[in-house]
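Examination of the molecular architecture
Chain residues, written in single-letter form:
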Amino acid sequence: MSMDDQQPEPVHVSTEEACSTDEACDQTQSQTETQGEQRRKAESSGIPNSIERLRSEFDKLLGVAVEQGERALDRLGLFGNEAVWMPRVDVLELEEKVQVSFDLPGVTAEEINITLAGNMLTIAGSRSTGTFTTSGQTARVSERPSGQFRRSVPMPVAVDPDKVTASVQNGILSVELEKSSTEKPRQIPISSAAGTGF
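These remarks concern the structure in this document. Every residue gets a number counted from 1 within its own chain, in the order that chain's sequence is written. Per-residue local features of the predicted model are confined to residues with pLDDT of at least 70, and side-chain atom pairs are confined, for both listing and counting, to 80 or more; whole-chain, interface and lining totals are unaffected and use all residues. Each side-chain value is derived from all of the structure's non-hydrogen atoms; neither hydrogens nor water enter the calculation.

Quick notes on the side chain of Lys 179
The condition is simple: Only runs of H or I of at least four residues qualify as helices and only runs of E of at least two qualify as strands under DSSP, and these elements are numbered from the N terminus. Whenever two N or O atoms come within 3.5 Å, that pair is a polar contact, provided that in protein one can donate a hydrogen and the other can accept it, and provided that, for residues adjacent in sequence, both atoms are side-chain atoms. For this analysis, residues touch if any pair of their heavy atoms sits within 4.5 Å.
One can find Lys 179 in strand 7 (residues 172-179). At 2.9 Å, the side chain of Lys 179 and the side chain of Glu 93 are in polar contact. From its side chain, Lys 179 meets the backbone oxygen of Glu 95 in a polar contact 3.4 Å long. In this structure Lys 179 touches Glu 93, Leu 94, Glu 95, Glu 96, Lys 97, Val 157, Ala 158, Val 159, Asp 160 and Lys 184, once residues within four positions along its chain are discounted.

Rendered as structure tokens:
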């Protein structure tokens, strides 16, 4: 036999220590079988794991929708097929109230509908001040949105639904919402016992 015909024998390397007694070998073998059963069960339960993963992803999406209002639904394509534009907004939290300002140039107070459902403030309406063309006219740039608008904004704290005011001035809708009494900071008086000294 030549050297080329000889193949090296495979070497088996074991990481387990040799059993000193039959009882120790039986325990090691049963532990190995238990681990194998657990692995098989985990592999065979792929459907529940994928359902759990899907549920967690859905919970994340709902969290984003609650945080960002309808802007998140619009980005996900869940808002609908109608052409709706969203005005820009600023939310400012003060000590006793929340101020929300929307950019709505060219919109009058009669064209705006404001609702508060729980802690979600929603404005909706329409603006007809966009660029309209007639025959012989060509719009080269048209960036001012027109038509239906809608914007939902979650409040950062609990607000009192009975203490909400709104006004429109210079194309800005300002909404002021008073914080709920549980959210307002309050001074706690400190009483001292008379005659007690340190």
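Moving on from the model shown.
Some remarks on the packing of aromatic side chains
What counts here: When two rings of Phe, Tyr or Trp (its six-membered ring) have centres within 6.5 Å they constitute a pair, described as stacked for plane angles under 30 degrees, edge-to-face for angles over 60, and tilted for the intermediate range. Relative accessibility thresholds used throughout: buried, under 20% of the residue-type maximum; exposed, over 50%; partly exposed, between the two (1.4 Å probe, protein chains only).
All chains considered together, the criterion is met by 1 aromatic pair. Between Trp 85 and Phe 149, the aromatic rings sit 5.3 Å apart at their centres with planes inclined by 50°, giving tilted as the arrangement. Of this pair, Trp 85 sits in the loop between helix 3 (70-75) and strand 1 (89-93) while Phe 149 sits in strand 5 (residues 147-154), placing them 64 residues apart in sequence. No difference in accessibility class separates Trp 85 from Phe 149, as the two residues are buried.

Examining the sheet that holds strand 2 (residues 97-103)
To keep things clear, this is the line we draw: Criterion used throughout: strands pair if DSSP finds at least two bridges between them. To get an axis, a line is fitted to the C-alpha atoms, and for a helix only the part in contact is used. The angle between two axes follows their N-to-C directions and goes from 0 to 180 degrees.
The strand order 1-2-7-6 describes an open sheet built from 4 strands, whose pairing is antiparallel. The two strands at the open ends of the sheet, each matched to only one other strand, are strand 1 and strand 6 (159-169). The average undirected angle you get between the axes of adjacent strands in this sheet is 15°.

Read these as layout, nothing more, since geometry by itself doesn't imply function.
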